[in-house]
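In case you want the letters, here they are:
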Amino acid sequence: MKTITVLGSTGSIGTNTLSVLALHPERFRVFALAAHSNADKLLAQCLAFHPVYAVLGDAPAARDLQQRLRAAGCATEVLSGPRALEDVASAPEVDLVMAAIVGAAGLAASLAAARSGKRLLLANKESLVVAGDLLLTALEQGGGDLIPIDSEHSAILQSLPADRSRWQADVRNIVLTASGGPFRQRDPQSLHAVTPQEACAHPNWSMGAKISVDSATMMNKALEVIEAHYLFGMRPEQIEVLIHPQSIVHSMVNYLDGSVLAQLGQPDMRTPIAYGLSYPERIASGAPWLDLARIGRLDFEQPDAQRFPGLALAFDALRMPVGACAVLNASNEVAVDAFLRQRIRFTDIHRINADLLASAECAQCDSLDALAELDTQTRLQAQQRVVQLSV
Ligand code: NAD
Ligand code: MG
């Protein structure tokens with residue numbers, strides 16, 4: 001029996017995680033569920049899973065939730081505030097932490113889980129992008145490990161040798177696949193006019209709003225390139241991106257002898273979630289079986305740099321001093337939020353990210369404090385650019 005904390009339980013990854021856990025009540029016990037503001041959904045989850053703790057961002061909403069749980073006869077204790085996330089991520093009872101908060105807001109809890117030796121199931125890729133070295137050091141010091149939940153990185157982990165000491169010796173490069181999102185074939189000249197609703201209508205995956213917009217700009221793949229660099233120790237020139245519209249081949253590893261190993265499956269996050277939960281064993285996920293005869297064909301193409309200019313920013317950032325990736329992430333979070341609020345155009349997201357990365361001053365950013373300061377300053381500058389570009 002493993003005990004798990006699910007951070008971001010009301011989101012897309014959080015909900016999928018609970019649906020896999022529900023298939024295996026004899027294997028997993030839920031210690032804590034944490035959400036930002038959706039009290040109704042968190043209430044329903046508490047009544048279904050009876051965690052010891054629930055965490056809600058806002059203190060008055062947390063008190064209200066506590067009363068509703070008591071009235072329903074549920075013993076779950078409700079906590080709130082930023083320390084609460086770190087506490088439920090590092091509690092001694094916990095074996096596994098699903099980090100499924102969106103954005104850099106998830107970093108402190110990811111670090112807390114890593115420092116306290118948990119198995120960190122990392123969906124929150126922004127944690128690695130912002131503070132990759134610090135997170136890896138925390139894992140090493142804490143004695144825990146990290147299993148990526150991002151489908152591409154799960155695929156790479158599944159396709160690499162089990163013996164980690166062979167990763168550098170045997171591998172030529174890794175290939176991250178990308179669906180190309182909703183605008184893969186759209187005229188680049190018309191992209192300035194697309195709406196948040198169009199940008200969030202992903203052809204293959206159902207996901208939260210932020211990652212959906214990131215998929216439309218391909219900034220998601222840019223963040224994943226940085227994530228792969230930290231997870232697998234690959235140099236930027238060893239990381240390739242290939243468009244694969246069907247999202248069946250989730251990523252691949254090219255070996256020195258010409259062999260290519262890939263992981264395939266339906267585009268369903270329950271598969272990489274189940275892999276993370278049971279690693280290195282396999283358990284049922286609830287995802288449908290892959291039927292290749294029905295799918296019929298798998299297509300691949302090079303990403304179009306003109307249509308997806310954001311992708312190159314990841315490779316630029318990886319060649320800059322270490323804080324550059326944090327600048328790119330903070331800028332992108334602000335720009336995506338402004339686009340979702342219809343304050344800027346879709347194409348302004350890249351404009352802001354490219355401007356801020358080009359002017360980034362991040363030479364001495366190797367501590368958490370320095371990165372936090374850089375994150376704050378970048379958000380302020382990005383907000384100013386949003387005001388200048390507001391439609
Ligand atoms: P989502 O928007 O659906 O859910 C986000 C969750 O985080 C919610 O439970 C929300 O309450 C919580 N949250 C947001 N801000 C918070 C804060 N400040 N403090 C505490 N909790 C907060 O997002 P999602 O699509 O589930 O994505 C979550 C993470 O997983 C992201 O980093 C994303 O890039 C990554 N990811 C998602 C998918 C997917 O299929 N959805 C795939 C790969 C990776
Ligand atoms: Mg992914």
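Conventions adopted
Each chain carries its own residue numbering, running from 1 in the direction its sequence is written. For this description, chains carry letters from A and ligands carry numbers from 1, given in the order in which they are written. Given that this is a predicted model, residues contribute local features only at a pLDDT of at least 70 and side-chain atom pairs are listed and counted only at 80 or more, while totals for whole chains, interfaces and linings are drawn from all residues. Excluding hydrogens and water, the side-chain values take into account all heavy atoms of the structure. Atoms of type N, O and S within 2.8 Å of a metal are treated as its donors, and for Na, K and Ca the window is 3.2 Å; water is not considered, so some sites may appear to be missing partners. Each residue's exposure class comes from its accessible area (1.4 Å probe, protein chains only) as a fraction of the maximum for that residue type: buried when under 20%, exposed when over 50%, partly exposed otherwise. We count a stretch as a helix when DSSP gives it H or I for four or more residues in a row; a strand needs E for two or more, and each element gets its number in order from the N terminus. Note on pairing: two strands pair once DSSP finds at least 2 bridges between them. For helices, the fitted line uses only the C-alpha atoms of the stretch in contact; every axis is such a line through C-alpha atoms, and the angle between N-to-C directions lies from 0 to 180 degrees. Whether two residues touch is decided by their heavy atoms; if any such pair falls within 4.5 Å, the residues are in contact. Put simply, a residue is near a molecule or strand once any heavy atom of it comes within 4 Å of that molecule or strand. Whenever a nitrogen or oxygen atom comes within 3.5 Å of another N or O atom, the pair is scored as a polar contact, on the condition that within protein one atom can donate a hydrogen and the other can accept it, and that pairs from neighbouring residues in sequence are kept only if both atoms are in side chains. Values of accessible area rely on a 1.4 Å probe in the Shrake-Rupley scheme; residue burial ignores everything except the protein chains shown. Three categories are distinguished: nonpolar for Ala, Val, Leu, Ile, Met, Phe, Trp, Tyr, Cys and Pro, charged for Asp, Glu, Lys and Arg, and polar for the others, with Gly belonging to the last. Any Lys or Arg side-chain nitrogen found within 4 Å of a carboxyl oxygen on Asp or Glu counts as a salt bridge.

## A word on the coordination of the magnesium ion (ligand 2)
- For the magnesium ion (ligand 2), the protein coordination sphere consists of Asp150 (OD), Glu152 (OE) and Glu224 (OE), at 2.1 to 2.2 Å.
- Read in sequence order, the donor residues for the magnesium ion (ligand 2) give the motif D-x1-E-x71-E. There is no split in this pair, since aspartate 150 and glutamate 152 are both buried.

## Overview of the pairing of strand β8 (residues 171-178)
- The buried fraction of β8 is high, at seven of eight residues.
- Bridge count between β8 and strand β10 (residues 249-255): five bridges; the pairing is antiparallel. Paired with leucine 176 across the two strands is serine 251, which belongs to β10.
- Across five bridges, β8 lies against strand β9 (residues 239-243) in parallel orientation. In the sheet register, threonine 177 faces β9, and the bridge partner there is leucine 242.

## Observations regarding the sheet that holds β9
- Spatially, β9-β8-β10-β11 is the arrangement adopted by the four strands of the open sheet, whose pairing is mixed. Of all strands in the sheet, those with a lone pairing partner are β9 and β11 (260-264), marking the two edges. Each strand axis lies, on average, 20 degrees off the axis of its neighbour in the sheet, ignoring direction.
- In the packing of helix α7 (residues 151-159) onto the sheet, contacts are made with β8, β10 and β11, and the angle to β10 comes to roughly 40 degrees.

## Describing the site of ligand 1
- Around ligand 1, a shell composed of 22 residues is seen, among which Thr10, Ser12, His36, Glu126 and Gly208 lie nearest.
- The contact in question runs from an oxygen atom of ligand 1 to an N or O atom on the backbone of isoleucine 13, over 2.9 Å.
- In isolation ligand 1 offers 830 Å² of accessible surface; the protein chains occlude 86% of this area.
- Only α1 (12-22) and α6 (125-142) provide two or more residues apiece to the shell around ligand 1.
- Its residues assigned to classes, the shell around ligand 1 shows eleven nonpolar, eight polar and three charged.

## Details of the pattern of salt bridges
- Considering all chains together, one arrives at 24 salt bridges under this definition.
- Arginine 186 serves as the salt-bridge partner of glutamate 198, at 3.0 Å between the closest nitrogen and oxygen. Of the two residues, glutamate 198 is situated in helix α9 (residues 196-199) and arginine 186 in the loop between β8 and α9; the sequence distance between them amounts to twelve residues.
- Residue aspartate 299 is joined to arginine 297 by a salt bridge in which the shortest nitrogen-to-oxygen separation is 2.6 Å.
- By relative accessible area, arginine 297 is classed as exposed at 54%.

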